[in-house]
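What follows is each chain in one-letter form.
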Amino acid sequence: QQQVKQSPQSLIVQKGGISIINCAYENTAFDYFPWYQQFPGKGPALLIAIRPDVSEKKEGRFTISFNKSAKQFSLHIMDSQPGDSATYFCAASMRSGGYQKVTFGTGTKLQVIP
Amino acid sequence: DVKVTQSSRYLVKRTGEKVFLECVQDMDHENMFWYRQDPGLGLRLIYFSYDVKMKEKGDIPEGYSVSREKKERFSLILESASTNQTSMYLCASSPLTDTQYFGPGTRLTVL
């Protein structure tokens with residue numbers, strides 16, 4: 001079964017600190033690696049995504065680091081803010097027929113304390 | 001903005017009842033998905049549809065069925081609800097690209 005392993009399950013970070021969430025995958029056919037952010041009472045929403053032909057992608061305070069040889073990728077949140085408190089899901093997807101089959105990690109609940 | 005709406009935010013049903021969860025998207029997306037979200041298990045795909053009247057099983061289809069009679073609407077059906085189907089149900093849609101757009105979820109409790 002295709003799996004995406006995510007850690008840690010929960011994370012507490014002080015305001016201004018760096019939050020790091022790690023994911024690992026097994027299937028080398030995956031070709032798209034998105035991160036979704038979910039606030040309480042809301043559905044997940046795409047935060048940032050990367051393809052395996054680049055090693056890093058940065059959007060504002062959010063950076064994905066991608067290590068193709070190790071089959072690992074991580075989300076870094078710089079200068080973490082209380083408003084970043086949410087559950088974060090990594091995912092890996094590949095094209096299967098006419099759609100993109102997505103496999104999600106188990107989620108990381110991030111709490112940023114003032 | 002893409003909007004995916006789900007018919008109920010909270011639902012309480014009894015064991016053995018037939019349950020319908022509806023999802024509507026307004027962006028003419030080809031693909032629609034149903035997931036369930038449980039603590040520590042992440043999002044698990046139940047069923048998806050890549051066209052009207054077309055459906056494919058996901059990773060955990062047992063105990064569920066789906067219907068897609070119109071492009072914008074995708075229904076999840078629990079033929080005979082059981083307590084182990086108590087969960088958060090998330091609908092998503094996507095065009096023929098990578099990003100999935102999620103609805104707010106339906107928290108279903110089966111007593």
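What counts, and where the lines are drawn
Residues numbered from 1 in each chain as written. Chains lettered and ligands numbered in written order. Predicted model: local features only at pLDDT ≥ 70, side-chain atom pairs only at ≥ 80, totals over all residues. Heavy atoms only, no water. Helix = DSSP H or I, 4+ residues; strand = E, 2+ residues; numbered from the N terminus. Rg over C-alpha atoms; globule rule 2.2 N^0.38 Å. Buried < 20%, exposed > 50% of the residue type's maximum accessible area, 1.4 Å probe, protein only. Contact = heavy atoms within 4.5 Å. Lys, Arg positive; Asp, Glu negative; His and termini not counted. Charge placed at Lys NZ, Arg CZ, Asp CG, Glu CD. Buried area = accessible area lost by both parts, 1.4 Å probe. Salt bridge = Lys/Arg side-chain N within 4 Å of Asp/Glu carboxyl O. Polar contact = N/O pair within 3.5 Å; in protein donor to acceptor, adjacent residues only side chain to side chain. Nonpolar A, V, L, I, M, F, W, Y, C, P; charged D, E, K, R; others polar. Core = buried A, V, L, I, M, F, W, Y, C linked by side-chain atoms within 4.5 Å. Phe/Tyr/Trp six-rings, centres within 6.5 Å; stacked < 30°, edge-to-face > 60°.

**Student:** How would you summarise the overall build of chain A if you had to cite specific residues and measurements?
**Tutor:** Summing up its helical and strand segments, chain A has zero helices and eleven strands in all. Of the regular secondary structure in chain A, the N- to C-terminal order runs β-β-β-β-β-β-β-β-β-β-β. Here chain A has a C-alpha radius of gyration of 14 Å; the compact-globule value for 114 residues is 13 Å, and the two agree. Its C-alpha atoms put chain A at 45 × 30 × 20 Å along the principal axes. Looking at chain A as a whole, 46% of its 114 residues are labelled buried. Of all intrachain contacts in chain A linking residues separated by at least 6 positions in sequence, the fraction that spans at least 24 positions is 53%. In chain A, which carries 12 positive and 7 negative side-chain charges, the distance between the mean positions of the two groups comes to 5 Å.

**Student:** So, the interface of chain B and chain A: which residues are in play, and what are the values?
**Tutor:** Contacts between chain B and chain A engage 21 residues on the former and 20 residues on the latter. Approximately 1700 Å² of surface area, both sides summed, lies buried where chain B meets chain A, with 52% of it carried by carbon and sulfur atoms. The largest contributions to the chain B side of the interface with chain A come from B:Leu43, B:Asp98 and B:Phe102, which together make up 31% of the buried area. At the junction of chain B with chain A, the criterion picks out one salt bridge. Measuring nitrogen to oxygen at the nearest pair gives 3.6 Å for the salt bridge that ties B:Asp59 to A:Lys101. On inspection of chain B and its partner chain A, the count reaches three residue pairs in polar contact (both at pLDDT 80 or more). Classifying every residue of the side of chain B that touches chain A gives ten nonpolar, eight polar and three charged.

**Student:** Can you explain the nonpolar core? Please cite residues and give values.
**Tutor:** Among the nonpolar cores identified, the biggest contains 25 residues, and A:Phe33, A:Trp35, A:Phe73, A:Leu75 and A:Tyr88 are the most heavily contacted of them. The greatest single-element share of this core, amounting to five residues, is contributed by strand S9 (residues 86–96) of chain A. Within the second largest apolar cluster, 20 residues are counted, among which are B:Cys23, B:Leu76, B:Ala81 and B:Cys91.

**Student:** How would you summarise the packing of aromatic side chains if you had to cite specific residues and measurements?
**Tutor:** All names here are of chain A. Counted according to the given criterion, the structure contains 17 aromatic pairs over all chains. Judged by centre distance (4.8 Å) and plane angle (45°), the rings of tyrosine 25 and phenylalanine 33 are tilted. With respect to class, tyrosine 25 is no different from phenylalanine 33; both count as buried. Centroid distance tryptophan 35 to phenylalanine 73: 5.8 Å. Interplanar angle 70°. Geometry classified as edge-to-face. Remark: phenylalanine 73 occurs in strand S8 (residues 72–77) and tryptophan 35 occurs in strand S4 (residues 33–38); sequence separation between them is 38 residues. What makes phenylalanine 73 buried here is its relative accessible area of 2%.

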